[in-house]
Amino acid sequence: RLEKRVKLSPMRRKIAERLVEGQSTAALLTTFNEVDMSNLMNLRNKYKDQFEKVHGVKLGFMSAFVAAATAALQEIPAVNAVIDD
């Protein structure tokens, strides 16, 4: 896996510092985003019985979520960035 270190601009460094400061001083908040999962639900309903017969387990949603996350990370690798001090 290729790693690339990019120096933060002064503005991004200050934003990162403020975000960390905010996490330690403010109440935590969880955000939920609504997603139209109707296509995924239809796909699951179509193949769930066949999948369970072949693999012996029920077809869930996690594999679709992992596939989506993998595609997003391949398209925009900076999403997986880490800020070094």
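Nothing here was measured: the structure is a model prediction, and the numbers come from that model.

Description of the overall build of the protein
Consideration 1: Across its full length, the protein holds 3 helices and 0 strands.
Consideration 2: For the protein, the sequential pattern of α-helices and β-strands runs α-α-α.
Consideration 3: By the compact-globule yardstick of 12 Å for 85 residues, the protein is too spread out, its C-alpha radius of gyration being 20 Å.
Consideration 4: If you line up the protein on its principal axes, its C-alpha atoms span 55 × 35 × 20 Å.
Consideration 5: Evaluated residue by residue, the protein yields a buried proportion of 2% over its 85 residues.
Consideration 6: Carbon together with sulfur atoms contributes 58% to the accessible area of the protein, which is approximately 8,600 Å² in total.

Topic: a nonpolar patch on the surface
Consideration 1: Among the surface-exposed residues, Met11, Ile15 and Leu19 lie close enough to one another that they form a single nonpolar patch of about 340 Å² accessible area.
Consideration 2: With respect to the helices, strands and loops of the structure, leucine 19 is situated in helix α1 (residues 10-25).
Consideration 3: Judged by its relative accessible area of 56%, leucine 19 is exposed.

As for the confidence of the model for the protein
Consideration 1: On average, residues of the protein score 88 in pLDDT, and 98% of them reach the 70 mark or higher.
Consideration 2: Here α1 is the element of the protein with the lowest mean pLDDT, 89, and helix α2 (residues 38-55) is the one with the highest, 95.

Re the environment of asparagine 39
Consideration 1: Relative to the assigned elements, asparagine 39 resides in helix α2.
Consideration 2: Residue classification places asparagine 39 among the exposed residues on the basis of a relative accessible area of 63%.
Consideration 3: Sequence-wise, asparagine 39 and leucine 59 are 20 residues apart; in three dimensions their C-alpha atoms are separated by 15 Å.

So, the packing of aromatic side chains
Consideration 1: Counted under the stated rule, the structure contains 1 aromatic pair.
Consideration 2: Ring geometry for phenylalanine 61 versus phenylalanine 65: centroids 6.4 Å apart, planes at 25°, classification stacked.
Consideration 3: Its relative accessible area of 43% is what places phenylalanine 65 among the partly exposed residues.

Calculation notes
- Residues numbered from 1 in each chain as written.
- Predicted model: local features only at pLDDT ≥ 70, side-chain atom pairs only at ≥ 80, totals over all residues.
- Heavy atoms only, no water.
- Helix = DSSP H or I, 4+ residues; strand = E, 2+ residues; numbered from the N terminus.
- Rg over C-alpha atoms; globule rule 2.2 N^0.38 Å.
- Buried < 20%, exposed > 50% of the residue type's maximum accessible area, 1.4 Å probe, protein only.
- Areas by Shrake-Rupley, 256 points an atom, 1.4 Å probe, with all protein chains shown as cover.
- Patch = residues over 30% accessible without salt bridge, like charges linked within 9 Å, V, L, I, M, F, W, Y side chains within 5 Å.
- Salt bridge = Lys/Arg side-chain N within 4 Å of Asp/Glu carboxyl O.
- pLDDT = per-residue confidence, 0-100.
- Phe/Tyr/Trp six-rings, centres within 6.5 Å; stacked < 30°, edge-to-face > 60°.

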